[in-house]
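Here are the chains, one letter per residue:
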Amino acid sequence: MYLYVHIPFCKSKCLYCDFFSVPLADCPIPDSYMDALLNEAAYRKHLHGISEWSSIYVGGGTPGLLSPVQLKRLLEGLYKLCPPKAEAEITLEVNCADIAEQGPDGVCSYLERASEAGINRISAGIQTFNDDVLRLIGRRSSPEQIKGALENLQQWRKNGQKTSRSLAGTSPDFRSGASLASLGRRFSCDLIAGLPRLSTDDFCSGLRELLSYEPDHISLYSLMVETGTPLEKHIAEGLIARDEDTADEQWLLGRGILEKAGYSQYEVSNFAKRGFESVHNRAYWQMKDYIGLGTAAVGTVGSVRYTGTRDIKAYTDFWTGLKNGTSAAVSGQAAQNLVVPESVSALEHISQDEAITEFLMMGFRMLEGVSDAEFKKRFGLELTDFIEPVFTRWQKRALAETDGKTYRLTKEGLLFLNEFLAEIIAI
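These figures come from a predicted structure and were not determined experimentally.

Rules of the game
Residues numbered from 1 in each chain as written. Predicted model: local features only at pLDDT ≥ 70, side-chain atom pairs only at ≥ 80, totals over all residues. Heavy atoms only, no water. Axes fitted to C-alpha atoms, helices over the stretch in contact; angles between N-to-C directions. Helix = DSSP H or I, 4+ residues; strand = E, 2+ residues; numbered from the N terminus. Parallel < 35°, antiparallel > 145°, perpendicular 65-115°, else oblique. Left-handed = near helix turned anticlockwise from the far one by under 90°. Contact = heavy atoms within 4.5 Å. Nonpolar A, V, L, I, M, F, W, Y, C, P; charged D, E, K, R; others polar. Expected span 1.5 Å × (residues − 1). Buried < 20%, exposed > 50% of the residue type's maximum accessible area, 1.4 Å probe, protein only. Phe/Tyr/Trp six-rings, centres within 6.5 Å; stacked < 30°, edge-to-face > 60°. Lys NZ or Arg CZ within 6 Å of the ring centre and 35° of its normal. Pairing = 2+ DSSP bridges. Lys, Arg positive; Asp, Glu negative; His and termini not counted. Salt bridge = Lys/Arg side-chain N within 4 Å of Asp/Glu carboxyl O. pLDDT = per-residue confidence, 0-100.

### Describing the packing of helix α1 (residues 31-48) against helix α11 (residues 312-320)
Then comes step 1: Two numbers describe how α1 lies on α11: the axes approach to 8 Å, and their chain directions differ by 60°. The angle between α1 and α11 places the two elements in the oblique class. Along this stretch, α1 crosses α11, giving a crossing that reads as left-handed. Every residue of α11 that contacts α1 at Ser-32, Tyr-33, Asp-35, Ala-36, Leu-37, Asn-39, Glu-40, Tyr-43 and Arg-44 is listed here: Ile-312, Tyr-315, Thr-316, Trp-319 and Thr-320.
Then comes step 2: Looking at side-chain class alone, the contact of α1 with α11 contains seven nonpolar, four polar and three charged residues.

So this is what it looks like as structure tokens:
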């Protein structure tokens, strides 16, 4: 089973962010939230009969605000419930401002302690190297901190290679954080094209600077202005200008730079060195079952999807049993009988028509496309009945291609993904 853990706390929110998070300023993340996560995890494990984690992704918010002790307790608690698979990908999202410092030994102690807990992949938000733009969009990190963080990530990865060699030939206990970390450390970085007041020259120079640190994976996004965000409000009020043509130009230039540097595009916004594609995110795009823990976290198992409450107090109170003794009822048969109120975890039953639509929407995001055999295995139906005659029209325009077994958009076709999806959904 794939596992997402949501840490809904940050120090300050970026203008463009529409993920659920609550600024804590300088207050620590409450330990009671860790208690709640582990109790919910125990409940989900027993409810769904989970035996192991295929991947774990700790996202947010800013999960890098977890203390090393909290992170270790969280992961060790999850490993005791279900051991991770051999070579499981265990990811932690970080803000560069939190991993920019080095100790006297020349390493970032937080990253090393994260590895001791079991983290073997770091996802670092870069967005841009331009100081003015960073401040405009509300990022905490400065260009100097970003560079310091990238240097630390390079060293952390290098240290992991030494650890892997020292443990070669041993039989790892996959409940052990140290053994997971020994399987190979890697890091991913996010960059955004089309940020306000970011020139195309600055965007390209920033991307080239990022490449000098040789991240294993890069997510290159085009700025999305989400409803209800401060960025949307500032644009509507004329305080910030947005140029979609510039965003498109920057993204296309970025794609070319990445491909020339040896990164392969495997999804609309994701590029990786060979073998470093995100295991966890591919599970989403391939519509595999996954568990979500925490406030606002979403999980899908079979035809049932659940979404956690955004009320942190209500979530914490329920899962720590402050109101109803939950902690005594999250294991064994008791988990089957535990009634989780809709106010804490809202359930949704996905119809076959909805599942087919989602499968196509997710599958066509990937360069590998959609397998006719997998579609038939899942739904007992023919894929072509749901994508023709649209697919053939796009194929004639050199925007789609097939070998008769797999149907995919070309790299140019992916640029018009939303248009393609709208056409096939309308069939």
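### Here's the deal with helix α2 (residues 68-81)
Then comes step 1: When the terminal C-alpha atoms of α2 are compared, their 20 Å separation across 14 residues agrees well with the 20 Å that a helix rising 1.5 Å per residue should span.
Then comes step 2: Every buried residue of α2 is accounted for by Gln-70, Leu-71, Leu-74, Leu-75, Gly-77, Leu-78, Tyr-79 and Leu-81.

### Digging into the packing of aromatic side chains
Then comes step 1: Inspection of every chain in the model, using the stated rule, returns 15 aromatic pairs.
Then comes step 2: Centre to centre, the rings of Phe-9 and Tyr-33 are 5.4 Å apart; their planes meet at 85°, and the pair counts as edge-to-face. Linking Phe-9 in strand β2 (residues 9-10) with Tyr-33 in helix α1, this pair joins segments that are 24 residues apart in sequence.
Then comes step 3: Given the relative accessible area of 4%, Phe-9 is considered buried.
Then comes step 4: By the ring-pair criterion, three or more aromatic residues cluster together here, those being Phe-359, Phe-375, Phe-379 and Phe-386.
Then comes step 5: Taking the ring centre of Tyr-306 as reference, the NZ or CZ of Arg-44 above it sits at 3.7 Å.

### A look at the environment of Arg-44
Then comes step 1: Structurally, the position occupied by Arg-44 is in helix α1.
Then comes step 2: On the accessibility criterion, Arg-44 (4% relative accessible area) is buried.
Then comes step 3: Sequence separation between Arg-44 and Gln-336 is 292 residues; the distance between their C-alpha atoms is 9.7 Å.
Then comes step 4: Apart from residues lying up to four places away in sequence, Arg-44 is in contact with Ile-50, Ile-291, Leu-293, Tyr-306, Trp-319 and Ser-345.

### Considering the pairing of strand β6 (residues 121-127)
Then comes step 1: For β6, a buried count of seven out of seven residues is recorded, marking the element as mostly surrounded by other parts of the structure.
Then comes step 2: Both faces of β6 are covered, namely the face carrying Arg-121, Ser-123, Gly-125 and Gln-127 and the face carrying Ile-122, Ala-124 and Ile-126.
Then comes step 3: Bridge count between strand β5 (residues 84-95) and β6: five bridges; the pairing is parallel. In the sheet register, Asn-95 faces β6, and the bridge partner there is Gly-125.
Then comes step 4: Sheet topology places β6 next to strand β7 (residues 186-193); six bridges connect them, and they run parallel. Note on β7: the bridge partner recorded for Arg-121 is Arg-186.

### Topic: the side chain of Arg-186
Then comes step 1: Relative to the helices and strands, Arg-186 is located in strand β7.
Then comes step 2: Notably, Arg-186 is buried but unbridged: the nearest opposite-charge side chain belongs to Glu-89, and the N-O separation is 4.5 Å.
Then comes step 3: Filtering out sequence-adjacent residues up to four positions away, Arg-186 remains in contact with Glu-89, Asn-120, Arg-121, Ile-122, Trp-156, Asp-216 and Phe-276.

### What to know about the confidence of the model for the protein
Then comes step 1: Scored by pLDDT, the protein has a mean of 92; 92% of the residues are at 70 or more.
Then comes step 2: Throughout residues 166-179 the model reports pLDDT below 50, and contacts reaching past four residues in sequence, or to other chains, amount to 20 contacts.

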